[in-house]
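Descriptive analysis of the structure
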Amino acid sequence: MESSQDIAKQINERVKVSDVVRNPKAFSNLQGSYTFEDLKTEGPLACEWSIQPETTGLNIRGHLKGTMELECVRCLEPFPVPVNVELDEHYVFDRYVDTSEKEKELQSEDFYEIVNEEGHLDLKDLAHQFLILEAENQPACGRSECRFA
Ligand SMILES: [Zn+2]
């Protein structure tokens, strides 16, 4: 048996695309808090999500807030990196990507991901991808001897 807490956690980590399409209101303000096996954070990372269906897909906006604990590549000491990231991702249903006509339309768009209408959105993984990018931008701690020239 799953507790209601487990179910709430699942909803905040993996979202069924068909649920969003059917009931967008339920996904206009989702709260998640995540911890990661391969990324240290000071307490769980807090995320606010807003998922909205669009004609050919979904739009996901997120706000990630927390503090990562990274290891400096120079002195190998841990140092904190505050995270305050807004993300805005477009997902396009894969059936719209098949025809050449739609592809032409989509090429004018910015970056987008492809998702199956029967599939899932992995919000935790999305947050993780952004944290990894942030971490790559911050290889060293702020001490003067560790700064890259
Ligand atoms: Zn350092």
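Residues numbered from 1 in each chain as written. Predicted model: local features only at pLDDT ≥ 70, side-chain atom pairs only at ≥ 80, totals over all residues. Heavy atoms only, no water.

**Here's the deal with the coordination of the zinc ion**
Cut-off, in case you're wondering: For Na, K and Ca the donor cut-off is 3.2 Å, and for all other metals it is 2.8 Å, counting N, O and S atoms only; because water is absent from this set, sites may look incomplete. Think of it this way: with four donors and all angles in the 85 to 135 degree range, the site is tetrahedral; with four or six donors, opposite ones beyond 155 degrees and the rest between 65 and 115, it is square planar or octahedral; otherwise it is irregular. Working definition: with a 1.4 Å probe on protein chains only, accessible area under 20% of the residue-type maximum means buried, over 50% means exposed, and in between means partly exposed.
Of the protein atoms, only Cys72 (SG), Cys75 (SG), Cys141 (SG) and Cys146 (SG) coordinate the zinc ion, at distances of 2.3 to 2.4 Å. Every donor counted, the 4 donor atoms about the zinc ion form angles of 105 to 116 degrees at the centre, which fits tetrahedral coordination. Expressed as a motif, the donor residue spacing for the zinc ion is C-x2-C-x65-C-x4-C. Both residues of the pair, cysteine 141 and cysteine 146, count as buried.

**Side note on the environment of proline 24**
Stated formally: Put simply, DSSP marks the helices as runs of H or I at least four residues long and the strands as runs of E at least two long, and each gets a number from the N terminus on. Note on definitions: a residue-residue contact is assigned when non-hydrogen atoms from the two residues lie within 4.5 Å.
In this structure, proline 24 sits in the loop between α2 (17-22) and β2 (30-34). Look at proline 24 and you get partly exposed, because its relative accessible area is 26%. For proline 24 and isoleucine 51, which are 27 residues apart along the polypeptide, the C-alpha to C-alpha distance reads 7.2 Å. With near-sequence residues (within four places) excluded, proline 24 lies in contact with Ile51, Gln52 and Pro53.

**Describing the confidence of the model for the protein chain**
Definition in use: Per-residue confidence from the prediction method is given by pLDDT, with values spanning 0 to 100.
Overall, the predicted model of the protein chain reaches an average pLDDT of 87, with 82% of residues at or above 70. By mean pLDDT, helix α3 (residues 100-107) is the weakest element of the protein chain at 56, and strand β5 (residues 57-71) is the strongest at 96.

**As for the nonpolar core**
As a rule of thumb, nonpolar side chains are buried together in soluble globular proteins. This is how the line gets drawn: Residues belong to a common nonpolar core when they are buried Ala, Val, Leu, Ile, Met, Phe, Trp, Tyr or Cys residues joined through side-chain atoms within 4.5 Å.
Counting 39 residues, the largest nonpolar core has Trp49, Ile51, Leu64 and Leu121 as its most contacted members. Looking at this core, the elements with two or more residues in it are α2, β2, β4 (45-53), β5, β6 (78-93) and α4 (123-137). Sort the elements by how many residues they give to this core and β6 lands first, with 8 residues. Setting aside residues no more than four positions away along its own chain, isoleucine 51 makes contact with Val15, Val20, Pro24, Phe27, Ser28, Leu30, Leu58, Asn59, Ile60, Leu121 and Leu123.

**Digging into the side chain of glutamate 13**
As a reminder of what qualifies: In summary, the charge assignment counts Lys and Arg as positive and Asp and Glu as negative, without counting His or the chain termini. Any carboxyl oxygen of Asp or Glu within 4 Å of a side-chain nitrogen of Lys or Arg constitutes a salt bridge here.
Tracing the chain through its elements places glutamate 13 in helix α1 (residues 4-13). At 4.3 Å, lysine 124 is the nearest oppositely charged side chain to glutamate 13, a buried residue that forms no salt bridge. Look past the residues within four positions of glutamate 13 in its chain and what remains in contact with it is Tyr34, Leu121, Asp122, Leu123 and Lys124.

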